[in-house]
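If you want the building blocks of each chain, they are given just below.
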Amino acid sequence: MSAVGAFSLSEMSSPVEIVDQMVNQAVRLNASDILIEPQEKQAVVRLRVDGVLQTFGEMPLGSYDQVMSRIKVLGNMDVAESRKPQESKIRFSSDGHPYVLRAAIVSTNFGQMAALRVLDSPKFTEFTQLGMSEAVIDKIKRNISGRYGLFLVCGPTGAGKTTTVHTCLKHLNNGEVNIMTIEDPVEYIMDGLNQIEVGEDVGLDFVSGLRTVLRMNPDVVFVGEIRDAATARIAIQAALTGHLVISTLHSRNSVGALFRLLDLGVDRYILNYALRAIVSQRLMRKICSHCKEIYQPTESERMFYRREKGDLPGQLTAGRGCDLCAHNKFQGMAGIYEMLEMDEVLRKMVLSEADEAGFKAELDSREFEDLNSAGLRLVDDGTTSLHEYIRTLYDAG
Ligand SMILES: [Zn+2]
């Protein structure tokens, strides 16, 4: 029926089992969403894997009603409510790792439909496990050891930003500093941190959360995400007044993040004082080691590669698909990083209103490894395919 190993959900008796199976399978397949959709005669469960929806299974409407109740119980929602939309967060663990699902339930013509989004879950706790080079690790450690300033981690959804931030927090968590976090939601509970959850359901937003936190004399503050001008303004203020502020931003690359802050109305002079460094990152799928093979690139692959790197590729590598990777051709993920540290030259460029092209030209003249170079390095050494490189760097936000 599909590539995700679908089976008949009605064969399983309890709704607890059905929900567990569904969620565990979604995590195993690295799915971003689970949809439970009622139809006229049955309900269908679909998983979104690598951006594409695949049917996971079907169940009779009787089981579906119980599954919806189970989801509401897990999310502390009103079980009796079946008309109004409801939203909540569900925590669970799979293979010993904690996960958070953002659950939404709405009424459709055949009944209630549930959409569960699997949020990024931090799985690593040491920099060396993130696939970073020693140079990047050293720069990160140097920049988060300061007692003031803004340290940003950027990338689109699913780029592994949360994992990098939690690795930084773990590194700083030595018992001698007050680390406070403002997260929507708290995804990973760490001993020694004071973590505050914000969000519509809690009735607290990032700005009021941050104001509250600053009264508690923190040394380090993690603000989950800078999404708007108000959060940007107060995060930068905090960074200027004796706090190390770590946050994330949705942007394509490091220079893009810098300009995003300016677009949000942050003053150039203030940004110059506050900003320490920006890490930009992506996760690329690694070719399955069991069915990896070398092939001669096609003409269009050769041309694309030359445009990216300036010279032609030798051999390229790709997966053939095998039982061990469920014919996905990939298994596991590898991080790629670009690390922009502010220095005197870059600070002057911010003040002199240089544009993005100006920054790019300056960085090109240095030994700066950008995301594209980092990604091509993994294509060259056979860790990933050229196709995955294109998908990661050009298709996703
Ligand atoms: Zn394989």
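Residues numbered from 1 in each chain as written. Predicted model: local features only at pLDDT ≥ 70, side-chain atom pairs only at ≥ 80, totals over all residues. Heavy atoms only, no water.

### Here's the deal with the coordination of the zinc ion
Bound to the zinc ion are the protein donor atoms Cys288 (SG), Cys291 (SG), Cys322 (SG) and Cys325 (SG), situated 2.3 Å from the metal. In this structure, the zinc ion is coordinated by four donor atoms arranged in tetrahedral fashion, with angles at the metal of 105 to 112 degrees. All donors to the zinc ion come from one chain, and their sequence spacing reads C-x2-C-x30-C-x2-C. An identical accessibility class is assigned to Cys288 and Cys291; each is buried. (Donors = N, O, S within 2.8 Å, 3.2 Å for Na, K, Ca; no water. Tetrahedral: all angles 85-135°; square planar, octahedral: opposite > 155°, others 65-115°. Buried < 20%, exposed > 50% of the residue type's maximum accessible area, 1.4 Å probe, protein only.)

### Considerations on the packing of helix α7 (residues 254–263) against helix α11 (residues 356–364)
The interhelical angle for the contact between α7 and α11, taken along N-to-C directions, is 145 degrees, at an axis separation of 10 Å. Here α7 runs over α11; the crossing is right-handed. Between α7 and α11, the contacting residues are Val255, Gly256, Leu258 and Phe259 on the first element and Glu356, Phe359 and Leu363 on the second. When its residues are assigned to classes, the contact of α7 with α11 shows five nonpolar, one polar and one charged. (Axes fitted to C-alpha atoms, helices over the stretch in contact; angles between N-to-C directions. Helix = DSSP H or I, 4+ residues; strand = E, 2+ residues; numbered from the N terminus. Left-handed = near helix turned anticlockwise from the far one by under 90°. Contact = heavy atoms within 4.5 Å. Nonpolar A, V, L, I, M, F, W, Y, C, P; charged D, E, K, R; others polar.)

### Some remarks on the UniProt feature "domain: AAA+ ATPase" (unreviewed entry) in the protein
As recorded in UniProt, the sites labelled "domain: AAA+ ATPase" (unreviewed entry) are residues 147–268. For the annotated span residues 147–268, helix accounts for 36% and strand for 21% of the residues, and the straight-line distance between the end C-alpha atoms is 21 Å. (UniProt positions renumbered as here; feature names shortened; annotations may be inferred.)

### Digging into the packing of helix α9 (residues 299–309) against helix α12 (residues 371–380)
Running from N to C, α9 and α12 point in directions that differ by 135 degrees, and their axes come no closer than 11 Å. Accordingly, the angle class assigned to the pair α9 and α12 is oblique. Crossing of α9 over α12 shows left-handed handedness. Residue-level contacts link Tyr305, Glu308 and Lys309 of α9 to Asn372, Leu376 and Asp380 of α12. (Parallel < 35°, antiparallel > 145°, perpendicular 65-115°, else oblique.)

### Some thoughts on the domain arrangement of the protein
As far as domains go, the protein holds domain 1 (7–118) and domain 2 (127–395). One C-alpha centre belongs to domain 1, the other to domain 2, and the line joining them spans 31 Å. Between domain 1 and domain 2, the contact holds eight residues from the first and 13 residues from the second. Buried surface at the junction of domain 1 and domain 2, both sides included, amounts to about 840 Å², of which 43% is carbon and sulfur. The salt bridge partner of Arg102 is Asp184, with a shortest N-O separation of 4.0 Å. Listing elements by their share of the side of domain 1 that touches domain 2, those giving two or more residues are β5 (86–94) and β6 (97–108). (Domains from an automatic or database assignment. Buried area = accessible area lost by both parts, 1.4 Å probe. Salt bridge = Lys/Arg side-chain N within 4 Å of Asp/Glu carboxyl O.)

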